[in-house]
Amino acid sequence: MKNRKIKLILILSTILLCLFTSLNIFTSYVKIKKTVEESIANQSLEAARSIAASIDTDAYQQFLNNPQENDYYWKVRNYLNDARIKLGALFVYTLKVDNPEVSIAMITGMPKEMKEGFGIGVVCTVPAKHVEKAYNGETYVTEVIHDSEHGSYLSVGAPIKDDNGTIIGYLGIDISADTLNGIKGKVIEDNLFNFIFNGVLILIVIGSFFFLQRWYQKEVAKEVGATEDTYLAEIKTLITSVSSLRHDFTNHIQVLHGLLQLEKTDQAKQYLSSLSKEVQAIKSLKLNIDHPGLSILLQTKKLTAQNLHIDMDFTLSQNDFNRIKTTDLIKILSNLIDNAIDAAVELPEEQRKIKICCTADEAQYEFKITNTGPNITYPDQIFNQGFSTKKHENGRIRGQGLFIVKEIVTKYNGHISIDSSKHLETTAIVRIPIK
């Protein structure tokens, strides 16, 4: 099932990659195509304005007065043909626009020997919406027009004005689609590197996304594993403590049962009185702490300490200690308290004491654990991984606790110190600044 999911993810990722890359290339192509068309259209329109402004308006007006192939006609036609050649245009021609729907071609700039299809008064293919613009005295730029006779082309037009500024006709220029496509192809070829770069960039982005996703999953799995180990250790400790209480409870019941069978009522009452004190001590385990994880941890350690006949005392600030991750806080205190318990049990029961202080102010958190027990012989080595003052036990790894604590404290820019200068007393202090 897992392999099928991975395979499905890879297939979908490949499809998305191809889709995004194709969409990127298509979008870039459309944008370049539109930019080229607009650029050529604007240049052609400027050329149309220039030709319209420099045409011999007197000769053209004389032609309009008598629209035939006379000297005025050929003079204007030769001029337009010369302009066509210089521009590399498909056609350069004049238009008559006397209505908002249809325009009439009057003189087309072509060589003298070409007569077919370029007569006077031929209906032009300029779309009606652009003819309307010309009728209103505006310039126009069409989209690519598809003509069965002359092929595909883009057309522009500018007004021809006489000396008085009166519009006497329109100057039209048609640019062949082949010319447009050739320029587009050249531009696209020049931008090929950009296409490749964008494709590679998309690959890098998608690859980075999957890399970060895998990295995040590994980090989460690592964090979950560490959290499970921490809480599993505490649960095992709690189970051991509860088992010990259950074992003691069974023994207490057996003793009471025996005393009552022997009808030693007074002794049974005294025994119950001593048990009542222990029950009250267990009740006192409930701590009023804002941090749930810390509350559970300290109650578990308190129960363990009672089972080991260790006097454990707490001083706690009313603070949720939320500037530290719960798992990190539990790791710090769990390891320090476990070390304190291991040290305290090496002394006689009446000397076993542990004091735990968890305080906070505006600047820092302070966690202070003081325990009775043998002094630390090598205080300069206790934070080294693998170093331990305890005896080696088969199957149990030693020397990890303080190393872990040191790493976590360093992560929060904090400081940890161990003072074992007093006789049979050691104090561990962790200070973490509040950012």
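Thresholds applied
- Every chain is numbered on its own, with residues counted from 1 as its sequence reads.
- Only residues with pLDDT of at least 70 get local features here, since the model is predicted, and only at 80 or more are side-chain atom pairs given and counted; chain-wide, interface and lining totals rely on the full set of residues.
- Side-chain metrics rest on all non-hydrogen atoms present in the structure, leaving aside hydrogens and water.
- With a 1.4 Å probe rolled over the protein chains alone, any residue whose accessible area is under 20% of its type maximum counts as buried; one over 50% counts as exposed, and the rest are partly exposed.
- For the purposes of this entry, the term helix denotes a DSSP run of H or I that reaches at least four residues, the term strand denotes a run of E that reaches at least two, and both are numbered from the N terminus.
- Pairing between strands requires that DSSP locate at least two bridges from one strand to the other.
- Aromatic rings from Phe, Tyr and Trp, taking only the six-membered ring of Trp, are treated as a pair when their centres fall within 6.5 Å; an angle between ring planes under 30 degrees marks them as stacked, one over 60 as edge-to-face, and anything in between as tilted.
- Placement of a positive charge over a ring is assigned whenever Lys NZ or Arg CZ falls within 6 Å of the ring centre and within 35 degrees of the normal to the ring plane.
- Two cysteine sulfurs form what is called a disulfide whenever their separation falls within 2.5 Å.
- A residue's pLDDT is the predictor's confidence in that residue, given on a scale from 0 to 100.
- Whether two residues touch is decided by their heavy atoms; if any such pair falls within 4.5 Å, the residues are in contact.
- If the strands point away from the viewer and the path from the first strand over the helix to the second runs clockwise, then the crossover is right-handed.
- The axes used here are C-alpha line fits, helices contributing only the stretch in contact, and every angle between their N-to-C directions lies in the interval 0 to 180 degrees.
- To obtain the arc, one takes the directions from the helix axis to the C-beta atoms.

### Things to note about the pairing of strand β1 (residues 91-96)
Then comes step 1: A large share of β1 lies buried, amounting to five of its six residues.
Then comes step 2: Bridge analysis of β1 against strand β6 (residues 167-176) gives five bridges, and the strand direction is antiparallel. Across the sheet, the residue bridging to tyrosine 93 is glycine 172, located in β6.

### With respect to the packing of aromatic side chains
Then comes step 1: One pass over the full model with this rule turns up seven aromatic pairs.
Then comes step 2: A centroid spacing of 6.4 Å and a plane angle of 50° characterise the contact between tyrosine 365 and phenylalanine 367, whose relative ring orientation is tilted.
Then comes step 3: Grouping aromatic residues by their ring pairs yields a cluster made of Tyr60, Phe63, Tyr73 and Trp74.
Then comes step 4: Between the NZ or CZ atom of lysine 112 and the centre of the ring of tryptophan 74, over which it lies, the distance is 5.1 Å.

### Some words on the state of the cysteines
Then comes step 1: Inspection of the entire model under this criterion finds zero disulfides.
Then comes step 2: Note on cysteine 358: no disulfide assigned, nearest cysteine sulfur contributed by cysteine 357 at a separation of 7.6 Å.

### Quick word on the confidence of the model for the protein
Then comes step 1: On average, residues of the protein carry a pLDDT of 79, and 74% of them reach 70 or more.
Then comes step 2: At the level of individual helices and strands, the protein shows its lowest average pLDDT in helix α5 (residues 177-190), which scores 58, and its highest in strand β9 (residues 364-372), which scores 94.
Then comes step 3: Low pLDDT (under 50) marks residues 395-399, which in the prediction has 12 contacts with non-local residues, meaning those over four places away or in another chain.

### Side note on the pairing of strand β8 (residues 353-360)
Walk down a regular strand and you will see the side chains alternate between the two sheet faces.
Then comes step 1: Across six bridges, the pairing between strand β7 (residues 311-316) and β8 is parallel. Residue methionine 312 lies in a different strand from β8, and its bridge partner there is isoleucine 354.
Then comes step 2: This β-α-β element, β7 to helix α9 (residues 326-344) to β8, shows left-handed connectivity.
Then comes step 3: As judged from the seven bridges shared by β8 and β9, these two strands associate in the antiparallel manner.

### Details of the sheet that holds β8
Then comes step 1: The mixed open sheet is built from five strands, whose spatial order is β7-β8-β9-β11-β10. For this open sheet the edge positions go to β7 and β10 (415-419), each flanked by a neighbour on one side alone. Within this sheet the neighbouring strands show an average axis-to-axis angle of 10°, counted without direction.
Then comes step 2: Both β9 and strand β11 (residues 425-433) contribute to a ladder of nine bridges, which runs antiparallel. Note on β11: the bridge partner recorded for asparagine 371 is threonine 426.
Then comes step 3: Relative to the sheet, helix α8 (residues 292-307) contacts β7 and β8, its axis offset from that of β7 by approximately 160°.
Then comes step 4: Packed onto the sheet, α9 meets β7, β8, β9, β10 and β11 and runs at close to 15° relative to β9.

### With respect to helix α10 (residues 401-411)
Then comes step 1: Burial in α10 covers these residues: Gly401, Leu402, Val405, Ile408 and Val409. For α10, the angular spread of the buried residues around the axis is 125°, confining them to a single face.
Then comes step 2: Considering only its buried residues, α10 is in contact with α9, β10 and β11.
Then comes step 3: Once α10 finishes, asparagine 413 follows within two positions and takes phi at roughly 60°, a positive value.

### Remarks on the environment of alanine 59
Then comes step 1: Looking at the element boundaries, alanine 59 is found in helix α2 (residues 57-65).
Then comes step 2: What makes alanine 59 buried here is its relative accessible area of 3%.
Then comes step 3: In sequence terms alanine 59 and lysine 75 are 16 residues apart; their C-alpha atoms lie 7.6 Å from each other.

### Some remarks on the environment of serine 44
Then comes step 1: With respect to the helices and strands, the residue serine 44 is situated in helix α1 (residues 2-54).
Then comes step 2: Given the relative accessible area of 8%, serine 44 is considered buried.
Then comes step 3: In this structure the C-alpha to C-alpha distance between serine 44 and leucine 154, which are 110 residues apart in sequence, comes to 9.6 Å.
Then comes step 4: Once residues lying within four places of it in the same chain are set aside, the contact partners of serine 44 are Val156, Ile173 and Ile175.

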